[in-house]
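Coordinate analysis (summary)
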Amino acid sequence: MRSTHEAPNWRTYKMSYSDPHKELEPEGDEIAVVDGALVTLRDAGVIDDVSYDHAKFDAHRAAVRDNFDIPWTAITPRMQRLLYAINAIHKPEVMIAVGIFCGNTYISNAGAGVGPGAVYTPRRSVGIEIRTEEADRARRNVASIDPDGVGEIHGCDGIEWLREFDDSVDLLYIDADGRDGQGKRIYREIAETALPKMPAGALVIAHNSVNSARDLAEYFALVRDESEFGASVNVFIDGEGIEVSRKAPPSAGGGRKRTASRRHGDALPP
Ligand SMILES: C[S@@+](CC[C@H](N)C(=O)[O-])C[C@H]1O[C@@H](n2cnc3c(N)ncnc32)[C@H](O)[C@@H]1O
């Protein structure tokens, strides 16, 4: 079971990877695009609500802009807002992000529970990066806005770490690119390793579901399998995109009912 959500101008919305803080559109337009995606995710049964604290998001964005050392990133302003919002709405007790490079992808998810944008306190908020020098950079970046030390960064292989992890995973964010030509095909193995630790209702978010769709064919087959995931939506708000999937209850045999996808511009409910 699958659906898609497309913002009308996702093809022309472009960011320079070396200039991630540049405003690309009026804030109201960015908010409307993200609201459209949230409505589709809510209607598909992936998330339960569509509202998030805009002032807290602004505090998160400002803290990252002013403190993080980001050599480059593919996280657009729209995607930064959408990842924050999904986490702020879902409030995962345990959030694990795999393949976080300098930490911007991690904090885009973790910012709802770590730092000045926090709207709840997670039990664990974990970022994993296999290149130790980038893990060290990510750790420094996160520490610069996380005086309470809620976030944790590990410099190791995310698959091996997940295998040993002895707790539940309530939200898994995947952004790794495997070595030796494996690239984004590594997503399926990461998801399958975490799956037995994910309770019903847990979310998986996969970055690059648009521009790496060909390499993600096996991953899509997993998260669009109704016996595993009750709902899965490919969200086109920029050239990278995310697929957001919600784990079904064990006996659901198809999980939640899917409703029609809405498009950007649909009104939010009162
Ligand atoms: C393309 S980068 C992600 C960058 C991100 N999209 C951004 O915009 O900042 C992918 C990262 O995954 C890391 N990676 C690859 N395999 C991994 C694994 N098995 N465990 C953890 N990290 C991994 C790579 O070292 C790399 O830094």
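Residues numbered from 1 in each chain as written. Predicted model: local features only at pLDDT ≥ 70, side-chain atom pairs only at ≥ 80, totals over all residues.

Here the phi dihedral of Lys91 falls at roughly 45°; this positive angle occurs in a residue that is not glycine. By the element assignment, Lys91 lies in the loop between helix 3 (77-90) and strand 2 (94-98). Judged by the 15 C-beta atoms lying within 10 Å of it, Lys91 falls in the partly exposed class. (Helix = DSSP H or I, 4+ residues; strand = E, 2+ residues; numbered from the N terminus. Buried ≥ 20, exposed ≤ 12 C-beta atoms within 10 Å, placed from the backbone.)

A separate point is the packing of helix 1 (residues 27-43) against helix 3. Two elements in contact, helix 1 and helix 3, have axes whose closest approach is 10 Å; the angle formed by their N-to-C orientations is 45°. The angle between helix 1 and helix 3 falls in the class oblique. Along this stretch, helix 1 crosses helix 3, giving a crossing that reads as right-handed. Contacts between helix 1 and helix 3 involve Glu30, Val33, Val34, Ala37 and Leu38 from the first element and Pro77, Arg78, Arg81, Leu82 and Ala85 from the second. Along the lines of polarity and charge, the residues of the contact of helix 1 with helix 3 split into 7 nonpolar, no polar and 3 charged. (Axes fitted to C-alpha atoms, helices over the stretch in contact; angles between N-to-C directions. Parallel < 35°, antiparallel > 145°, perpendicular 65-115°, else oblique. Left-handed = near helix turned anticlockwise from the far one by under 90°. Contact = placed C-beta atoms within 7 Å. Nonpolar A, V, L, I, M, F, W, Y, C, P; charged D, E, K, R; others polar.)

A separate point is the site of the ligand. Taken together, 21 residues surround the ligand, and among them Ala74, Gly99, Ile130, Gly158 and Ala176 come closest. For the shell around the ligand, the secondary structure elements donating two or more residues are helix 4 (104-110) and helix 6 (158-164). In terms of residue class, the shell around the ligand is built from 8 nonpolar, 7 polar and 6 charged. (Near = placed C-beta within 6 Å.)

Judged by how many residues are buried, strand 2 sits mostly within the fold: 5 of 5 residues are covered. Neither face of strand 2 is exposed, since Val94, Ile96 and Val98 on one face and Met95 and Ala97 on the opposite face are all buried. Pairing of strand 2 with strand 3 (residues 124-128) involves 5 bridges; the strand directions are parallel. Residue pairing for strand 3: Ala97 is matched across the bridge by Gly127. As paired strands, strand 2 and strand 5 (residues 171-174) are joined by 4 bridges and run parallel to one another. If you follow Ala97 over to strand 5, its bridge partner there is Tyr173. (Pairing = 2+ DSSP bridges.)

Ile96, Ala97, Leu172, Ile174, Ala191 and Val244 are the most contacted members of the largest nonpolar core, which has 74 residues in total. A per-element tally of this core places helix 3 first, with 7 residues. Among all residues touching Ile174, those that are not within four sequence positions of it are Val98, Gly99, Tyr187, Ile190, Ala191, Val204, Ala206 and His207. (Core = buried A, V, L, I, M, F, W, Y, C linked by C-beta atoms within 7 Å.)

Spatial ordering of the open sheet is given by 1-7-8-6-5-2-3-4, a layout of 8 strands whose pairing is mixed. Of all the strands in the sheet, just strand 1 (3-6) and strand 4 (151-154) have a single pairing partner and so form its edges. Strand-to-strand twist in this sheet, taken as the mean axis angle between neighbours without regard to direction, amounts to 15°. With 4 bridges joining them, strand 5 and strand 6 (residues 203-207) adopt parallel strand pairing. The residue of strand 6 that forms the bridge with Tyr173 is Ile205. Across the sheet, helix 5 (residues 132-143) touches strand 3 and strand 4, and the angle it forms with strand 4 is around 170°.

Mean pLDDT for the protein chain: 92, with 92% of residues reaching 70 or above. The model gives residues 253-270 a pLDDT under 50, and that stretch makes 43 contacts with residues more than four places away or in other chains. (pLDDT = per-residue confidence, 0-100.)

What follows concerns the environment of Ala88. Residue placement: Ala88 occurs in helix 3. Residue classification places Ala88 among the buried positions, given that 22 C-beta atoms sit within 10 Å. Spatially, the C-alpha atom of Ala88 lies 12 Å from that of Leu171, the residues being 83 residues apart in sequence. Once you skip the residues sitting within four places of it in the chain, Ala88 turns out to touch Tyr52, Asp53, Ala112 and Val119.

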